[in-house]
Structure formats: structure tokens, C-alpha cells
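Summary of structural features
Spelled out from the first residue to the last, the chains are:
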Amino acid sequence: MSDFGIVQAAIGFVLMLALMMTGLHIGVVMGAIALLGADLYLGGPVINAIGTQFWGATDSFTLLAVPLFVLLGELLVKGGATDRMYKALSVWLGPLPGGLLHTNIGACAMFAAVSGSSVATAATIGTVALPTFEDRRYDPRLVLGTIAAGSTLGILIPPSINMIIYGAMTNTSVGQLYAAGVVPGLLLTAMFMAMVAVLCLWKPALAGAPEPRLPLGERLRALGGLAAPVALFVVVMGSIYAGWATPTESAAVGVVFAFILSMFYGRFKISMLHACFETTVTVTSMIVLIVAAAFYLNFVLGILGVPQALSEFVTSLGVGPIGILFVLFVFYLILGCFLETLSMMVGTIPIVFPIVVALGVDPVWFGIFLVIMCEIALITPPVGMNLYVVQGVRRSGSVSEVIQGTLPFLGVMVLLTLLLIAFPSIALWLPGLMFD
């Protein structure tokens, strides 16, 4: 342990990133790096502690929300609620400049408010929306871009699986993180829609003919399609903010609500339920392995004194919080080009979080900053997951069209991040109002 310092920590971090980029599973890489550090500097007792650390990480009431929110999203998709939601939004948003492009973004925002996953949002809204554009003269790049970029809202607008994992790893209140994500999520939705309107007013041919405005009575009747997701959001988030339930308990209530919805819409079948459970188990197993390995890596780094050494090193540089945040902004932009978002977040928290806390950065604010950087990574080539999910749903053409369509929205997300750094109250106002 006496031979361990900043240089050794940097070598280990670079080695970990290099192994991740080779395609090895993130959980395996983090566990291997932790075991290597324990073997070289600490010895047998710390290596033998891997079992208790894995058990402690997975025996978490907070993390129990992860499979519940995954199951919730699956039930909504296969239960038919998203089809009705998209049709209802198209009635209200279609007449705007940009037409159904606004519906794509609005549907992504609404599904994000009940699913907690950007990839699930991209797959779901892509499946529902793309057939709608087949006989309409919309620019295909912009259609794909609105779906890929809009679906990134899945991890910013609460509930969010990434926020749950961040909260569990950093001991930060998930309820406060959820509250902090509301204003940035709504602001980013509005900025996306403003970008669509500007582009389509500048070049009307991008959106073709505007959708006809239906009579008010028909539009009001269409709101019935929004009742289910709105009610579900109120049940899930309202129970948290009212103090009636924890995020985990509210997720369980949401699952029951979505289960009832699937029966109400006539979509419930044993085969459908089996498919939902199968996806939930697969996704949860992957996430929990990553989190458990990250907890063990945190344990090893803590014994080695890495967080304290890094904090002292950064303090000695005399660089203020704003300077460090801009460095992290560039760092995550680059890293997001090569790593999947969960890998990027979980792999860097053990190193980065102690530094920002030592500089006095609010952990809740940093959680929102990190989630937005993960959002950007979702549409950043060559590894941006949402790009390939949307292309996979499309099943034709080239992924380069999806990439071109997301570029204007990528600029919007960078702008939001800079606004968040300049005005931290964008994220901190609501949690301060609700919890202080």
C-alpha cells in the first residue's frame, strides 16, 4: 500500500478503460482491476472480501427498484399503452411547425416519465412512430434524429435507472435526484421542440405539410390516450414526493398499475407476461453484476486511499470547481464516444466523485450533470447506443442517416450542459424547494 500513489491509480484507470474498449463486459473488467490492485498492494484478506462485498452491494433495497422499473417499462410496451399515447399526442402536437416530429419528442418525454430507460424509450417510440411517417414527406434524417435524441430523456426525466444506480453508489438521495431531474428534463424537451420548430420554419420541406387541426371536441376526446401514462406518473412520482413510498415501493405500485392496464386494454397473455419477465431478468442481471463489481472496486480504492490522494492532488493544483467541471465535461464527451453509458458512469464514479465532493460540488447536482453527459454519449458515434437501437427498429438505410439527424440535438444537449454549469439552480431549485 505504501507504494501506491496517483501514478499507479492513473495506470489502473487507463488499463480499465482500455479493457472496456476491447468489448469485455464492464463488470468483469472492473472486478478484474479491483482484484489486481488488491493482489499487488493489499493481499489475501481484501481479495477474500469480494464475496461479502458482492453480497452487500446486491442486498440493497434501493437497487430493488431497478428490476421493477424495467418490468414496468416492458408491461407498458407490450400492454398497448404507448400506442394510445402516441396517437393522442399527435392530435395536439401535429399542427405545430414540424408536425409529427414534435410528437416523437413528446412521446419520448412521456414514456421516459414512466420507464426509466433511454434504450427502452428508443425501441418503443421507434416501433410506434416510424410506421406513421411512411406515407408522409418528412426528412427521414430528422425523423430518426428526433426519436434517437428524444429517447435520451429516458434517463433524465424521473424515474431513472441511472439515477438509482448513482444514488446507490454515492449514497445520494434518489428522491432528491428525481426532483433535480424534473426541470432539466422539461427544459431539454422544450429545447428539442424549439430546435424542430426553428429547423422546419427555416426549411419547411423538412416536415412536409402540417397536420390538420382537428375540432376541439375530437382533441379533448383524444386525451384519453394520455390518461394511463399521466396517471402512472402521478402514482409513481406522487407517492415518492408525498412521502408515502420509497422509490422502490413506488416502482412496485407502478408495476401493479401497468399490469392492470394491460388487462384493461385486452393485451394480457401468459406469453406476454413471460416475455416481460425474461427481459427483466436479462437486463437486471447485467446491471447488478456491473454495480456489484463497482462496489468492490470502490472498496479496494478506499483501502488504498485513492479518494483522499486524488482530493489532495486536485486541491494542490489550485483549480476551482468550475475549471474541474469543464475538464470533466470534455473528458466525458470524449469518453462517451467509446464507452456504453452505464460503463462510463459506473466506471468513473469511484475516481471522479471524491474529487468533485472535495471541491464542494453538490452531489445531487453532479448526478444530474453526469446523467446528461450519459445522454450525450447515447447519441455520440461510434458507440452511441440509441443510434443503433433506432436503426435496428428501422431495418433499412444506413445508420449514418440517424447520426446526421441527431447532430442539431447534440448541440442542444451541449448547450444545456453549459447552462447547468453556469446556473446550478436549474437542477437544485426543485429539490431545495421540496426537501429543504
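Our subject in this report is the structure included herewith. Just so it is clear, the structure is predicted and the values come from calculations on it, not from any experiment.

A count of helical and extended segments in the protein chain gives 22 helices and zero strands. Over its C-alpha atoms, taken along the principal directions, the protein chain stretches across nearly 75 × 50 × 45 Å. Taking all 436 residues of the protein chain together, the buried fraction comes to 54%. Excluding contacts between residues fewer than 6 apart, the proportion of contacts in the protein chain whose partners are at least 24 apart in sequence is 80%. About 17,800 Å² of surface is accessible on the protein chain, with carbon and sulfur atoms providing 70% of the total.

Among the surface-exposed residues, M21, V330, I334 and F338 lie close enough to one another that they form a single nonpolar patch of about 370 Å² accessible area. Tracing the backbone shows M21 in helix α1 (residues 6–21). A relative accessible area of 43% means that M21 is categorised as partly exposed.

When two helices pack together, their arrangement is given by the angle between the helix axes and by the axis-to-axis distance. Relative orientation of the contacting elements helix α15 (residues 270–304) and helix α18 (residues 341–358) amounts to 15°, with a least axis distance of 9 Å. With respect to α18, the element α15 is oriented roughly parallel. Along this stretch, α15 crosses α18, giving a crossing that reads as right-handed. In this structure, α15 contributes M286, I287, I290, A294, L297, N298 and L301 to the contact, and α18 contributes L342, V346, P350 and I351. Tallied by class, residues from the contact of α15 with α18 come to 10 nonpolar, one polar and no charged.

We now examine the environment of P210. Position of P210 relative to the elements: it lies in the loop between α11 (174–202) and α12 (216–222). Its relative accessible area of 59% is what places P210 among the exposed residues. A sequence separation of 111 residues divides P210 from G99, and the C-alpha atoms of the two residues are 5.5 Å apart.

Bringing the packing of aromatic side chains into the picture now. To describe a pair of aromatic rings, one takes the distance between the centres and the angle between the planes. Under the defined criterion, the tally for this structure stands at 10 aromatic pairs. Measuring from centroid to centroid gives 4.9 Å for F133 and Y138, while their planes differ by 90°, and the two rings are edge-to-face. Y138 shares its class with F133; the two are buried. The ring of Y265 has R84 lying over it, and the distance from NZ or CZ to the ring centre is 3.9 Å. Directly above the ring of W92 sits R219, whose terminal nitrogen or CZ lies 5.2 Å from the centroid.

This brings us to the side chain of H102. Locating H102 in the fold gives a position in helix α7 (residues 100–115). Owing to a relative accessible area of 2%, H102 belongs among the buried residues under this scheme. Not counting residues up to four positions away in its chain, the partners in contact with H102 are L93, L96, P97, M193, V196 and A197.

In this section: helix α9 (residues 140–150). For α9, a buried count of nine out of 11 residues is recorded, marking the element as mostly surrounded by other parts of the structure. Listed as buried for α9 are L142, V143, L144, G145, T146, I147, A148, A149 and G150. Residue D139 occupies the N-cap position of α9, its side-chain oxygen lying 2.9 Å from the main-chain nitrogen of R141.

Of all hydrophobic cores here, the largest spans 149 residues; its most connected members are I165, F366 and F369. Every residue in contact with F369, bar those within four places of it in the chain, is listed here: L325, L328, F329, Y332, T417, L420 and I421.

Okay, the side chain of T124 next. If you trace the backbone, T124 turns up in helix α8 (residues 118–129). For T124, a relative accessible area of 7% corresponds to the buried category. With near-sequence residues (within four places) excluded, T124 lies in contact with V77, T82 and F111.

Now for the packing of α7 against α9. Orientation of α7 relative to α9, taken along the N-to-C sense of each, is 15°, at an axis distance of 8 Å. Taken together, the axes of α7 and α9 lie roughly parallel to each other. Of the two elements, α7 crosses α9, and the hand of that crossing is right-handed. In this structure, α7 uses L101, N104, I105 and C108 to contact α9, whose residues at the interface are L142, V143, T146, I147 and G150.

Next up on the list: the pattern of salt bridges. With the rule as written, the count across this model stands at three salt bridges. In this structure, the salt-bridge partner of E74 is K78, at a minimum N-O distance of 2.6 Å. With E74 and K78 both in helix α5 (residues 65–79) and four residues apart, this pair spans about one turn of that helix. You can call E74 buried: its relative accessible area is 14%.

About the cut-offs
- Residues numbered from 1 in each chain as written.
- Predicted model: local features only at pLDDT ≥ 70, side-chain atom pairs only at ≥ 80, totals over all residues.
- Heavy atoms only, no water.
- Helix = DSSP H or I, 4+ residues; strand = E, 2+ residues; numbered from the N terminus.
- Buried < 20%, exposed > 50% of the residue type's maximum accessible area, 1.4 Å probe, protein only.
- Contact = heavy atoms within 4.5 Å.
- Areas by Shrake-Rupley, 256 points an atom, 1.4 Å probe, with all protein chains shown as cover.
- Patch = residues over 30% accessible without salt bridge, like charges linked within 9 Å, V, L, I, M, F, W, Y side chains within 5 Å.
- Salt bridge = Lys/Arg side-chain N within 4 Å of Asp/Glu carboxyl O.
- Axes fitted to C-alpha atoms, helices over the stretch in contact; angles between N-to-C directions.
- Parallel < 35°, antiparallel > 145°, perpendicular 65-115°, else oblique.
- Left-handed = near helix turned anticlockwise from the far one by under 90°.
- Nonpolar A, V, L, I, M, F, W, Y, C, P; charged D, E, K, R; others polar.
- Phe/Tyr/Trp six-rings, centres within 6.5 Å; stacked < 30°, edge-to-face > 60°.
- Lys NZ or Arg CZ within 6 Å of the ring centre and 35° of its normal.
- Polar contact = N/O pair within 3.5 Å; in protein donor to acceptor, adjacent residues only side chain to side chain.
- Core = buried A, V, L, I, M, F, W, Y, C linked by side-chain atoms within 4.5 Å.

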